[in-house]
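Chain by chain, the residues:
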Amino acid sequence: MIKVLHILTDTNIGGAGTLLVNYLKNFDREKFLIKVILPKGSLMKPRVEALGYEVIETNNLADKSMDIKGIFELMKIFKKEKPDIVHTHSSMSGKIAAFLKRVKSRIYTRHCAYDPPKLLTTFPGKQINGFVNNTLSTHIVAVANAAKDNLTDTGVNEKKITVIINGVEPLAFATEEEKAGTRKKYGIEKDDIVFGIVARLEAVKGHKYYIEAASEIVKENEKAKFLIIGTGSEEENLKQQAKELGIEDNVIFTGFITDVAAVINIMDINVNCSYGTETSSLALSEGMSLKKPAIASIYGGNPYMVTHGENGLLCEKQNSKALYEAMKLLMDNEKMREEMSETAFEHYKNKFTAEKMTKQLEKIYEAEMLKRKGK
């Protein structure tokens, strides 16, 4: 049996945590013994334990990629656990500790894609960054081609990288009665057309453009509603923007909710407006599992997730006019929405399931072990 330690430093449940949970649900437990290292107080702990996995808590590392005390704490854990593989998620401390303890298989996942600073794409920053990452890791998982490009652009050896697109567990289809209850909760009528965006309320997620486009849609269709699911530092600014544009009754802020499936079930169109960080959006995959066509910005991994004209529409990032035009096209064309809905579901089944994603990762683990035996 291959023993794997996953390290996640998040205290909240974000994209990396959701991805890890999807892995945990699908690992072959006869082949792999998995344990998860989390900082004390992490909201991930009950989710991991509910799946039957052991959690090892640390006193350090909370929401920090780099933590000197955390390095020494992790080294003690590695000495006790003797893992075959250490798999880190945005934890430089974990990579350093695994290297220092001579764990032979050291994997990390690159969860984000962004425009890297010039410092890391030119001499000598690119060479230094590449040397550090190539030395600390024996293999790297990129969750989108855009994430892989970030890595190679900053000096990482392409041969070390495998792209595994984020996969998700299918969300449950709601009954008509359940949908009616959710619509009532948020003041949405049955004949309203519902757009929705599931993302942290941060500037790079592009909610500003979503609300600007919404204001133009409302001028033509007062029955259009715009869900904003999540919380973040931009929440008050976005609420003020909706108020100033006179569409506060049409824009619905749900705040943080645990049952995302309930609100995605009542959407007609799933929207992603990111322009600063996006790989393979879990929200887009989850929407596809419920047959929701998408509108997404041309940024990061979105063009891989959404094939223009098939399972949704793509539009220029940070462009509310282009977003409005895509919204209007789908809003006014029910037949197009229905066709894209079925295609979205096919895309999900063929490319974006958690089971397919996990099988790819298991192959990397097995290859790492074979490589060790060959040395």
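Scroll up to find the structure this text is about.
Just so it is clear, the structure is predicted and the values come from calculations on it, not from any experiment.

1. Thoughts on the sheet that holds strand β9 (residues 224-229)
Okay, so step 1: Read across the open sheet, the 6 strands follow the order β10-β9-β8-β11-β12-β13; overall the sheet is parallel. The strands lining the two open edges of the sheet, one partner per strand, are β10 (251-255) and β13 (312-315). Strand-to-strand twist across the sheet, computed as the mean angle between neighbouring axes with direction ignored, equals 20 degrees.
Okay, so step 2: Where strand β11 (residues 269-272) meets strand β12 (residues 294-297), 3 bridges bridge the pair, whose relative direction is parallel. Pairing of Asn-270 across the sheet is with Ala-294, part of β12.
Okay, so step 3: Set on the sheet, helix α12 (residues 282-289) makes contact with β8 (193-198), β11 and β12; between it and β11 the angle comes to about 170 degrees.

2. Let's talk about the layout of surface pockets
Okay, so step 1: Approximately 580 Å³ is the volume attributed to the second largest pocket.
Okay, so step 2: Forming the boundary of the second largest pocket are 24 residues, of which Lys-179, Asn-265, Met-267, Asp-268 and Lys-292 lie nearest the centre.
Okay, so step 3: Elements supplying a minimum of two residues to the lining of the second largest pocket: α8 (176-185), β8 and α15 (334-351).
Okay, so step 4: In terms of residue count, the dominant contributor to the lining of the second largest pocket is α15 (4 residues).
Okay, so step 5: A class-by-class count of the residues in the lining of the second largest pocket yields 10 nonpolar, 2 polar and 12 charged.

3. Here's the deal with the packing of aromatic side chains
Okay, so step 1: Summed over all chains, the structure comprises 9 aromatic pairs.
Okay, so step 2: The interplanar angle of 85 degrees and the centroid separation of 6.1 Å between the aromatic rings of Tyr-209 and Tyr-275 together place this pair among those described as edge-to-face. Of this pair, Tyr-209 sits in helix α9 (residues 207-220) while Tyr-275 is found in the loop between β11 and α12, placing the two residues 66 residues apart along the sequence. Neither residue differs from the other here; Tyr-209 and Tyr-275 are each classed as buried.
Okay, so step 3: If you follow Lys-95 out to its NZ or CZ, it ends over the ring of Tyr-108, 3.7 Å from the centre.
Okay, so step 4: Over the ring of Tyr-304 we find Lys-351; its NZ or CZ atom is 4.8 Å from the centre of that ring.

4. Describing the side chain of Glu-81
Okay, so step 1: Along the polypeptide, Glu-81 turns up in helix α3 (residues 68-81).
Okay, so step 2: With a relative accessible area of 10%, Glu-81 lands in the buried category.

5. A word on a nonpolar patch on the surface
Okay, so step 1: Where nonpolar side chains cluster on the molecular surface, the patch consists of Met-66, Ile-68 and Phe-72 and spans about 320 Å² of accessible area.
Okay, so step 2: Inspection of the secondary structure assignment puts Met-66 in the loop between β3 (54-58) and α3.

6. Describing the nonpolar core
Okay, so step 1: Ranked by size, the top nonpolar core spans 32 residues in total, and within it Phe-195, Tyr-210, Phe-226, Val-271, Ile-295, Leu-323 and Met-327 carry the most contacts.
Okay, so step 2: By residue number, the principal contributor to this core is helix α14 (residues 320-332), which donates 7 residues.
Okay, so step 3: Core analysis: the second largest hydrophobic core is formed by 29 residues, Leu-8, Val-36, Leu-361 and Ile-364 among them.

7. Regarding the sheet that holds strand β4 (residues 85-89)
Okay, so step 1: What the 7 strands build is an open sheet, ordered β3-β2-β1-β4-β5-β6-β7; its pairing is parallel. One side of each edge strand has no neighbouring strand; the edge strands of this open sheet are β3 and β7 (161-163). Pairs of neighbouring strands in the sheet enclose a mean axial angle of 25 degrees, with direction left out of account.
Okay, so step 2: Pairing of strand β1 (residues 2-8) with β4 involves 5 bridges; the strand directions are parallel. Residue pairing for β4: Val-4 is matched across the bridge by Ile-85.

8. Notes on the packing of α14 against α15
Okay, so step 1: The contact between α14 and α15 brings their axes to 5 Å, and the two run at 95 degrees. Compared by their axis directions, α14 and α15 come out roughly perpendicular. Here Leu-329, Leu-330, Met-331 and Asp-332 of α14 lie close against α15, whose contacting residues are Glu-334, Met-336, Arg-337 and Met-340.
Okay, so step 2: Looking at side-chain class alone, the contact of α14 with α15 contains 5 nonpolar, no polar and 3 charged residues.

9. Regarding the pattern of salt bridges
Okay, so step 1: Summed over the entire model, instances satisfying the criterion amount to 24 salt bridges.
Okay, so step 2: Asp-67 is the partner of Lys-64 in a salt bridge, and the nearest nitrogen-oxygen pair spans 3.9 Å.
Okay, so step 3: Given the relative accessible area of 9%, Asp-67 is considered buried.
Okay, so step 4: We note a salt bridge from Asp-332 to Lys-328, for which the minimum N-O separation is 2.7 Å. Here the residue Asp-332 and the residue Lys-328 both occupy positions in helix α14, the gap between them amounting to 4 residues, near one helical turn.
Okay, so step 5: Overall, the relative accessible area of 26% leaves Lys-328 in the partly exposed class.
Okay, so step 6: Ionic contacts of the salt-bridge type, sharing partners, join the residues Lys-3, Lys-35, Glu-54 and Glu-81 into one network.

Rules and cut-offs
Residues numbered from 1 in each chain as written. Predicted model: local features only at pLDDT ≥ 70, side-chain atom pairs only at ≥ 80, totals over all residues. Heavy atoms only, no water. Pairing = 2+ DSSP bridges. Helix = DSSP H or I, 4+ residues; strand = E, 2+ residues; numbered from the N terminus. Axes fitted to C-alpha atoms, helices over the stretch in contact; angles between N-to-C directions. Contact = heavy atoms within 4.5 Å. 1 Å grid on protein atoms, 1.4 Å probe; cavity = no way out; pocket = protein on both sides within 12 Å on 5 of 7 lines; lining within 4 Å. Points joined across faces, edges and corners; volume = space filled by probe spheres on them. Nonpolar A, V, L, I, M, F, W, Y, C, P; charged D, E, K, R; others polar. Phe/Tyr/Trp six-rings, centres within 6.5 Å; stacked < 30°, edge-to-face > 60°. Buried < 20%, exposed > 50% of the residue type's maximum accessible area, 1.4 Å probe, protein only. Lys NZ or Arg CZ within 6 Å of the ring centre and 35° of its normal. Patch = residues over 30% accessible without salt bridge, like charges linked within 9 Å, V, L, I, M, F, W, Y side chains within 5 Å. Areas by Shrake-Rupley, 256 points an atom, 1.4 Å probe, with all protein chains shown as cover. Salt bridge = Lys/Arg side-chain N within 4 Å of Asp/Glu carboxyl O. Core = buried A, V, L, I, M, F, W, Y, C linked by side-chain atoms within 4.5 Å. Parallel < 35°, antiparallel > 145°, perpendicular 65-115°, else oblique.

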